[in-house]
Structures are given as C-alpha cells and as structure tokens.
Amino acid sequence: MGEEGASGGRRQGDGTMVGQCAQHKPFGPLLLIHLCLLHPGASEKPHPTPRLPAEEAEPLQGIRGRSVELACGSGPAPLVVLWSFTPLGSVVPRPVAVTDGVTFKVEPGASALGIVSLQNSSLVMRELREGARGHFLCQALHASDDQLHTTYSYFTLAVLVPVSKPQVWLSDASPVEGASVMATCTVREGTEPVTFAWQHQAPQGPGEVLVGVKEPMLWLDPVNRTHLGWYMCSARNAVSGLSSDRVFLDVVYGPDKPVVTVEPLGLTEEGFWASEKEEVTLSCLAASNPPSHYVWLCDDTQVHTGPTYVIARASRAHAGLYTCLARNSYLDTRSQTSVQLTIYYPPAGQPSCAVLPAPAAVTLLCTWPGGLPTAQLQWEGPYGPGPTFPSNATWTLTAIGLPNGSVFTCVGQHPALALPALCRATLWEPPQSPTCRTTATVGDQFILLSCEWPGGAPPATLSWFDAQGRPLGGSSHSQAFHMLRAWGKLAGREFTCRGSHPLRIPDVQCQLQLEAPQLTVAEPRVSVLEGGEAWLECALHGGTPPIQLLWLGPQGQQVEQSTSKFVLHSEGAQLRLQIQDADPAHHRGTYQCVAHNAVDNSSRSVLLEVLRYPVPPNVTISRLTYRRHRREVQLQWAIQGPGNLTGFLVQQRASVPGPGAGAWETAASDIEPESRDRQLGGLDPGVLYAFRILALNHRTTGHPSEVKTPVDPPFSAYPAVLGAAGTGMVVATLASLLVFQYAARHPQVFPRLSQWLVPMEPRHQQRGSREGPEALASMEMPTSTPSSDPTPESTDDPVNVTITVTATP
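Parameters and conventions
- Residues numbered from 1 in each chain as written.
- Predicted model: local features only at pLDDT ≥ 70, side-chain atom pairs only at ≥ 80, totals over all residues.
- Heavy atoms only, no water.
- Salt bridge = Lys/Arg side-chain N within 4 Å of Asp/Glu carboxyl O.
- Buried < 20%, exposed > 50% of the residue type's maximum accessible area, 1.4 Å probe, protein only.
- Disulfide = S-S within 2.5 Å.
- Helix = DSSP H or I, 4+ residues; strand = E, 2+ residues; numbered from the N terminus.
- Pairing = 2+ DSSP bridges.
- Axes fitted to C-alpha atoms, helices over the stretch in contact; angles between N-to-C directions.
- Core = buried A, V, L, I, M, F, W, Y, C linked by side-chain atoms within 4.5 Å.
- Contact = heavy atoms within 4.5 Å.
- Phe/Tyr/Trp six-rings, centres within 6.5 Å; stacked < 30°, edge-to-face > 60°.
- Lys NZ or Arg CZ within 6 Å of the ring centre and 35° of its normal.

As a further point, take the pattern of salt bridges. One pass over the full model with this rule turns up 21 salt bridges. One salt bridge connects Asp466 with Arg470, and the closest N-O pair in it is separated by 2.8 Å. Between Glu571 and Arg576 there is a salt bridge, with the nearest N and O atoms lying 3.8 Å from each other. The class for Glu571 is partly exposed, based on a relative accessible area of 44%. Linked by salt bridges that have partners in common, Arg64, Glu130, Arg133, Arg188 and Glu189 make up one network.

This is how it looks when you write it as structure tokens:
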C-alpha cells in the first residue's frame, strides 16, 4: 500500500475517486486460504467477526452523491485485505471487497453503498448512497518474521444528505389585519439537524432577517400591516443550505383615518389657509390595502374624485370645510377627515398715509381696511419704529426738533402678500404764507371771507379774527371761511387770517380790508364815423370783495357778450366795450360803466357820437341806349359839383305810366368811383325799363339822378359800305391771281391772256433747254390724261366775278 493509502481513513469531499480500479482476475489458492482464515464459517452462515469496543471505531462522514475513501491501517502492504460492512441495527457483517494487492473483487451487493472500488487497501465509494450508513471493518493479513498475523480497522460511516430546496406555505395569503396566519417552511430531505431562518422584505424596503425565529413554522398572531411583504425561508444542515422562493403575504387593512395636507402650507387655529389667486393643492392619504378610493367634499358638495384636489386659482368662493372620504373596496370600510380651508386676501389697494396736526405735535395716521385677516401696520421714522396696529395705525409724536422734509413709512404686512405694502408721509411746511380774499354771494346778501394756505404735511391750521383780535368761528385746515351779512357799515373794516403749522414758528397771517369800488373811464366822450368801430374803456381801482363790472347801453339795458355788434373784452381790472359797424340810429347815446360789490356801488358815463359821412355830388345820365336787340343797355353819366364819393348805385324798374310804377331794384352796386359808364344786361325786350343812378360816400347816399328810359341808337350805313367795299377788293384780287396762274399753265385755254404773259415764255424755254426733253414732257402730261375733256374749251367766253356785300345796321 502506498503512502496515501496508509494514512488512515480519509473523506473525499470533492466526490472524485482516489486511485484506479484494478483488473478483475480469478483469485488464487492463497486468496482462498486467507478467506477461509477470515471467515471460518460456511459462506451461507457468516461467522461473527470479533469486535472491539465501540469507542475504538473511527467515525467518518460522507455526503450522499459524493465520494469517500476508507483507509485500512498503515504500515507495510498486507497480503490480503477484506472489507466488510455491517448496516446499522445489524450484527452480521457483509463482505464488500477483497484484494490481494494485485487483484480485487467487489461483491455485487455492494452497489447499495455506491460505486465501490479498492485503491490499494483503501475502500473508495463514489456516488455515495444512504445505504452506506453503518460500520465498516477492514481485515488485513500481514506476514512478518515468517509468521502471519491479522490486523483490524473499524469505521463508523455516517452518510449525510444535503437539504432540499425549502417551500413556504401560508395558511392565508390575504389575511385581514388582526387575524392569525401561520407560515410553514418544509424541506423534502436533509440530514438532521436542519436549522431554519426566516427573512421578511417589505414591498418598498430592504430585506429584514427575523431574529430569533429558527423554527419551520412562523406564527403571525395577530397579523398586522407591518407583516405585509415577501417572505423567504432558509434551511441549513451540516452539509448544505438553500433558500425558498419568495411568497407574498398581502395583509388587508384600512382605511385609516385620512391625513390631509395643503400646499402651500399655511396653518390656522381652525385648519389651513391659502392666498387668493394662487394654486392650492389638497392631498389626502389614508393607509389602506388595497389602496383607498377618495372623494372630496366641500361643504357637503362633491367637488373631486381622487387623492389630490388642485385649485388652480383660489378665490374667496373656495373657502369652506373640505372633507376627504376614503373607502376600502375590498373590505367595504370607510373613514373620513375634515379640514377648514380659509382663503386669505389682502386689503384692496395700498395703505393710505396721512399726517394730522396736533398742538406742538404731529399725528401720523395709516389706514388699510379690509382683507382677511386684517393687515398689520407699523410706522417707521427717523428715530425708530413705532407700535404695530391692525388695520389702523395712529402714532402721535412731538414736532419739536423734526426737520422739514422728515419721511415716515407705514409698513403693511399681510400673509397673502410676499412683499410688504408701503406708504410714506413726508413732513413739510407749506410754502409762502396764507392768502386772503373775499367773495360776495348771489344777490350780494353776504360776504364770504376766504383764507387759503395750501400744501404742507400736516396741513396748516387757519382761523379768522376781527380787528380787535376776537376769533370768528372755529379753525380749519388749509382753508378757512367766515360769512358776513352785507350792510352799509362794512366799508373800511379789517379782518385777519392767522395760520399755524408745527414746522413753522412763529405763526403767519394775512389781512384784508373791505372797500367800495372806484371806477375811471379812458375818455368820457367818444366820436366815430358811421360804420366805424368804437372802443369804450373802463378801469376798476380798489374794491373788496371782488367787483362785478358791466356796461349799460343808452337805454339802460346791460350789454351782453351775445349782443349783436357788441364785444366785451375783460383784461384784469379793465372792461372794454367794442362797438362794431357803428350806426347812429342804434348805437348813439350815453353808456354807463357800473361796478358794484356787497359793500357799495359805483358808475361812470361815456357819451358815444356816431357821425355821418358828407353827401356825395349829384349825378346826371348823359346817354342811355339799347344794345343787342334791346336785351342790354349802355349807360353813361356825369357828376355835377365837388364832393367825396366811394361808388355809384344804378337802379331800375319797369316803367309803367301812371302811379302803378314798380319798386326800384338795384341793377349795379359795385361800381368804382372812377367809372362813368356801365353796360347792363338781362333785360326783357318786351318791357320798357326806367333807370336812375345815385352817388355813394360810404353809407351816405346822394340825390338820385333824373329818371330816363333807353332809346334805340341812330342808323348809319357809311361804315357798313366801307367795310363791304374793302372786303370785295380783297376777294377780287385773290380771284385774279388764281386766274392768271391758271392761264399761265394752260395757254390754250386763255390765248389772250397767254399773249399778255409772253415775256414768261423765253424763261420757260431757257428752263427747258437746261432740263432736257424729260422736263418738257412732264409739263405736257396734264393735257394727255384720260380724264381730260377731248373737246377744247372756247377761249372767247368771258369770266364773271360776283361780289355780294351785306350791311347790317
């Protein structure tokens, strides 16, 4: 036996076989002798093998399906080795294999132990089976000093079985929370002891080992929602360990009381609040398996279905009690939670700042009413902040030492606004000093004393006092009024308005004195020519209260702006009256400029004279004749005597004998003063007209001329005859020239005339000699045209010329 086989029993954990299987050969006589020594009994009646105490047996372990090697002693190689096996619970050994060092023999029944082979003296079993559990005995025959002796090796082999894959069984895969659930982990096989371990993994969490649970059964009593998730069992023995597949335990529970959240988050004593015009999200979550179905109610009215209700733009109408209803459809259970949602909205506009005067102090007033909740207001000034007030902040502080232009800021805070709202008040004294004036009421029954000192913050305080310093009524801000009854003794009285301001020391004042009006006129007498323009001027000097200034006409009536040809021009203390297109019949007379107030009245007179222009010279008609078949007349005239004139006026009427003559009508009026004749048209030939003419000097009309009727002009043929004769001579001359030209070109037609024109022939001949035969031929071509009459005209016929002259008168 080699060194490896002599090392004693060895467990082959990797399942490989040690050594090679020997060739099976028949045993010789020596092997049989040894077998007889080892087994003195018959083969059918095994003889018990001597045994050693149990504690001398070497314990070994093997794993089913793997390999194990049992070594038979140590020392020199034995002559014969016999392996026998005694199953557990039996006392009869069974032969397994025998070898003489050269060959080995394995009993057929040894296959129940696995695949058995001998490697030297070691027994090797591959693919170990559970039937190999028991006691193995190795008997070895040794020869030493020519003597034979036997050695024995005892082994107790335990065959270990790996655990199979565990399986988990749940008594109820979907229990209701509070029930009892048992989880069982089973393995089909595995050498005891087998230890178990449980692992739990929540649906959305890491795996968790259940410490302290090592039994195959896991009791969940009572089961709750924390038990929901995946369960896995692990089984392990001395050989191996495996884990089961995951099994899901679906614990049914809920719904719990819903939890409502509001975003953006704003908490109040009653619930939640959100700002107006912003997006508000109400979320509801109720722990439940299966998940809950949600319904949202607002003041008992359903507004949404689902866990999240979004209000895109919150308004005040969205405020109310919101209830989230959660329902578990599997268990048909319900729960609900109600929250109060309040919509916050800021006050309208911006804070309003004002400054009010106080004795030697100022009062800062900041108001910002409305809103939910009310805004918090606080004043901040040069010397630090003031107290905080809701909706209305009033802060009074001394004015001593405050510089002109001090700025105070009112800060308004509201939870619905991201930034504070501001208003500012600046302390400044009003400019200049108070201004006093008086005004009379309608009818001048009362006189109103007015005092004004605008500007400033706070506004100035004004009060009226009489000449003795006694106050007249109470005080007021920026403006002060006092009413006096108008009566005759007010002229000359003085009144004082006193103004005070916290930043103005000492007080300032203005005074006024009631006075009667005083008038002056520029000219007491104004003269203007007729049709001209007159100006009447009146000026006011003094008078308190303000004066009502007006003009009265010659008849005592008031001149209004709308009166025809009258224009009033008011310029400060002056009132000018413009009279246009002056007419002596309507505008001549005395005008009154009247001024009156509640104290007294005053008037001044202006005399207006409207002068006429001189009478123009007389006019006589020198000629009046018809033209164009009595549809027009030619009028000529002359003036008599000196005088200014600006034009003439021609009048006409139908001349009817007797007293029934028609009225005079204007025939022409736009006649220049240098003209002495006029052609008038548009007459009816069947009507006899009478004409007269008048001279004009602006608006002054001269005496009319005598009345005349037009006459026909005298007849004269001499101009007509001269005209006709001249015309005839021109026509005769043109006709003679045409005849002479024709006779020159056609001598055969007018032979006599051609003889008179003989001096022209040599000229033609000379031209013909220069131009050649073609020129002569061209001159003769007209006589040979087919259209000419072949019969020659008589040269003896006379030529008649008729001249007609028509004379038109």
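Following the structure, the description resumes.
The next point concerns the state of the cysteines. Within this structure, the stated rule accounts for eight disulfides. Here Cys185 is linked by a disulfide to Cys233, with a sulfur-sulfur distance of 1.8 Å. Taking the torsion about the S-S bond as the criterion, the Cys185 to Cys233 disulfide, at about -85 degrees, is left-handed. Taken together, the positions of Cys185 in strand β11 (residues 181–186) and Cys233 in strand β15 (residues 229–236) put the pair 48 residues apart, joining distant regions of the chain. For the pair Cys185 and Cys233, one class covers both residues: buried.

The sheet built from three strands is open, its strands ordered β26-β27-β30 with antiparallel pairing. Strands at the two margins of the open sheet, each flanked by one partner only, are β26 (352–358) and β30 (392–398). Averaged over neighbouring strand pairs, the angle between their axes works out to 20 degrees when direction is ignored. When strand β27 (residues 361–367) meets β30, the two strands line up antiparallel, connected through seven bridges. Following the sheet pairing, Thr367 is matched in β30 by Asn392.

Another point: the nonpolar core. One finds Trp83, Val96, Leu123, Met125, Phe136 and Leu157 to be the most contacted residues of the largest nonpolar core, which totals 25 residues. Counting residues in hydrophobic clusters, the runner-up holds 22 residues, among them Leu519, Val528, Leu568 and Ala582.

Strand pairing in a sheet relies on backbone hydrogen bonds, with the paired strands running either antiparallel or parallel. What the six strands build is an open sheet, ordered β1-β9-β8-β3-β4-β5; its pairing is mixed. Pairing within the sheet leaves two strands with one partner each, and these edge strands are β1 (58–63) and β5 (104–106). Recorded for the sheet is a direction-independent mean angle of 25 degrees between the axes of neighbouring strands. As paired strands, strand β8 (residues 134–144) and strand β9 (residues 147–160) are joined by 11 bridges and run antiparallel to one another. When the bridges of β9 are listed, Leu137 appears paired with Tyr154.

Bringing the environment of Cys324 into the picture now. Residue placement: Cys324 occurs in strand β24 (residues 320–328). Residues in contact with Cys324, not counting those within four places in the same chain, are Pro258, Val260, Cys284, Tyr294, Val295, Trp296, Ser335, Gln336 and Thr337.

This brings us to unusual backbone geometry. The step from Asp221 to Pro222 runs through a cis peptide bond, and the omega angle for that step is -5 degrees. When you line up the elements, Pro222 lands in the loop between β14 (217–220) and β15. Located in the positive-phi region is Asn120, a residue other than glycine, with phi close to 60 degrees. As for its placement among the helices and strands, Asn120 is situated in the loop between β6 (115–119) and β7 (122–126). Despite not being glycine, Ser478 has its phi angle at roughly 65 degrees, a positive value. Looking at where Ser478 falls in the secondary structure, it is placed in the loop between β36 (471–477) and β37 (479–485).

So, on to the packing of aromatic side chains. All chains considered together, the criterion is met by nine aromatic pairs. When the ring of Trp637 is compared with that of Phe648, the centres are 5.4 Å apart and the planes differ by 55 degrees; the resulting orientation is tilted. Of this pair, Trp637 sits in strand β49 (residues 632–640) while Phe648 sits in strand β50 (residues 647–654); the two residues are 11 residues apart in sequence, bridging distant segments of the chain. We classify Trp637 as buried; its relative accessible area is 3%. Lying over the aromatic face of Tyr345, Arg316 brings its terminal NZ or CZ to 3.5 Å of the ring centre. The cationic tip of Arg498 hangs over the ring face of Phe465; the distance from NZ or CZ to the ring centre is 4.2 Å.

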